[in-house]
Amino acid sequence: MSGDPATDDLLARFAEALGPPFVPLAALWVHGSIAEGTDYRPGRSDLDLVAVLDRPCTTEEERRLIGVHERLARELPLARGLHCSYLPANGLDDPDREHPVWAHQEYYARPVSPVARRELHAFGRVLRGRPIEGLLPPVSDRQLTEFIVGELRESLSGLAASRAELLLQDGWLDYAVLTVARMHITLRDGRLIGKREALDVLRAELDAPEELVADIRRRRYGDAVEGAGSTDEAWRRRRAGLAAHFLASVVGRLLSSYG
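It should be emphasised that the depicted structure is a prediction, and the values quoted were computed from it without experimental measurement.

Draft legend 1. Here's a closer look at the state of the cysteines. Applying the stated criterion across every chain, the model contains zero disulfides. Lacking any disulfide linkage, Cys57 is separated from the closest cysteine sulfur, that of Cys84, by 9.9 Å. Looking at Cys57, the relative accessible area reads 16%, which means it is buried. The class of Cys84 is buried, set by a relative accessible area of 0%.

Draft legend 2. Seen up close, the confidence of the model for the chain. Mean pLDDT over the chain stands at 91; residues scoring 70 or higher make up 95%. Below pLDDT 50 for its whole length, residues 224–229 participates in ten contacts with residues either more than four positions away or in separate chains.

Draft legend 3. Region of interest: the packing of helix H6 (residues 170–189) against helix H7 (residues 195–204). It is the contact of H6 with H7, at a shortest axis distance of 9 Å, that shows an interaxial angle of 85°. The orientation of H6 relative to H7 falls into the category roughly perpendicular. Only Lys195, Ala198, Leu199, Val201 and Leu202 of H7 make contact with H6, whose side of the interface consists of Val177, Leu178, Ala181, Arg182, His184 and Ile185. Partitioning the contact of H6 with H7 into residue classes produces eight nonpolar, one polar and two charged.

Draft legend 4. How the structure looks around the environment of Pro114. Looking at the element boundaries, Pro114 is found in helix H4 (residues 114–123). What makes Pro114 buried here is its relative accessible area of 8%. For the pair Pro114 and Pro95, spaced 19 residues apart in sequence, the C-alpha to C-alpha distance is 6.3 Å. If sequence neighbours within four positions are ignored, Pro114 has contacts with Pro95, Val139, Gln143, Leu144 and Phe147.

Draft legend 5. View of the side chain of Asp48. The topology assignment puts Asp48 in strand S2 (residues 47–53). Within the buried set, Asp48 has no salt-bridge partner at all; the shortest N-O distance to an opposite charge, 5.6 Å, is to Arg110.

Draft legend 6. Seen up close, H4. Burial analysis of H4 places seven of its ten residues in the buried class, which makes it a mostly covered element. Buried within H4 we find Pro114, Ala116, Arg117, Arg118, Glu119, Leu120 and His121.

Draft legend 7. Structural view of the pattern of salt bridges. Counted by the stated rule, this structure contains 24 salt bridges. A salt bridge links Glu61 to Arg55, with the nearest nitrogen and oxygen atoms 2.9 Å apart. Taking the relative accessible area as the measure of exposure, Glu61 reaches 7% and is therefore buried. Between Arg218 and Asp215 there is a salt bridge, with its nearest N and O atoms 3.0 Å apart. Here Asp215 and Arg218 lie together in helix H8 (residues 210–221), a separation of three residues that amounts to about one turn. Using a relative accessible area of 26% as the deciding quantity, one classes Arg218 as partly exposed. On the basis of relative accessible area, Asp215 is assigned to the buried category, the value being 1%. Taken together, the shared-partner salt bridges in this structure form one network comprising Asp170, Asp174, Asp215, Arg218, Arg219, Arg220, Arg236 and Arg239.

Draft legend 8. Highlighting unusual backbone geometry. Its identity as a non-glycine residue notwithstanding, His104 has a phi of 55°, on the positive side. Along the chain, His104 falls in the loop between strand S4 (98–103) and strand S5 (106–111). For His104, a relative accessible area of 51% gives the class exposed. The phi dihedral of Gln105 falls on the positive side, at around 65°, and the residue is not glycine. Relative to the helices and strands, Gln105 resides in the loop between S4 and S5.

Rules of the game
Residues numbered from 1 in each chain as written. Predicted model: local features only at pLDDT ≥ 70, side-chain atom pairs only at ≥ 80, totals over all residues. Heavy atoms only, no water. Disulfide = S-S within 2.5 Å. Buried < 20%, exposed > 50% of the residue type's maximum accessible area, 1.4 Å probe, protein only. pLDDT = per-residue confidence, 0-100. Contact = heavy atoms within 4.5 Å. Axes fitted to C-alpha atoms, helices over the stretch in contact; angles between N-to-C directions. Helix = DSSP H or I, 4+ residues; strand = E, 2+ residues; numbered from the N terminus. Parallel < 35°, antiparallel > 145°, perpendicular 65-115°, else oblique. Nonpolar A, V, L, I, M, F, W, Y, C, P; charged D, E, K, R; others polar. Lys, Arg positive; Asp, Glu negative; His and termini not counted. Salt bridge = Lys/Arg side-chain N within 4 Å of Asp/Glu carboxyl O.

Right, dumping it as structure tokens:
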């Protein structure tokens with residue numbers, strides 16, 4: 001599926017581990033970069049999955065699921081980036097409903113967002129069980145726009161305003177800067193784009209600082225880009241300031257146009 005043997009082995013082992021009678025599995029789907037196919041980076045990209053269940057798991061089944069994730073993470077380093085949401089089939093039609101999820105080495109509850117649902121319909125892949133079409137309700141353009149505008153208003157504007165300690169961290173900075181570019185394209189064109197294309201959008205359409213984009217490109221893709229910055233604390237603080245200023249500007253423009 002991914003073109004990476006270690007990743008494909010992990011997905012096969014995970015699908016096998018969830019097979020009956022372990023949990024009441026109706027389907028196991030993949031979305032995100034691994035399903036889209038052009039932007040997956042083994043060891044860097046998350047593995048985004050959705051497991052559809054015939055019924056909610058019992059407490060004992062949830063305990064077993066957690067054990068599977070913990071065991072795979074011990075045995076296979078790639079499994080630390082494996083995220084899976086567990087949805088009962090009778091709860092698929094509510095994008096605001098929270099479901100159990102294993103992500104970032106924790107088990108908690110969150111919705112499967114309209115963006116993830118649109119990805120599943122656009123390029124999701126079936127690992128096991130029933131097809132996506134006919135089981136997962138489609139996401140309307142209005143639902144997608146309303147969700148993105150809400151994220152801009154509640155999450156990304158907060159990151160921009162704080163200038164924050166969070167933006168000193170590579171993961172948070174990359175998430176915020178790349179996500180705002182991806183949101184821009186989805187709001188304007190209805191398209192879902194990957195992180196590599198988002199880097200091009202940042203410079204070509206959003207006038208992001210060149211050194212900020214070069215820094216993200218170097219760290220994510222290993223591209224040799226002249227003047228891509230360093231890893232010292234002074235650069236991290238300067239980079240966070242550049243990102244905060246850029247985010248505030250773009251988030252404001254997008255909210256003025258679509259909010």
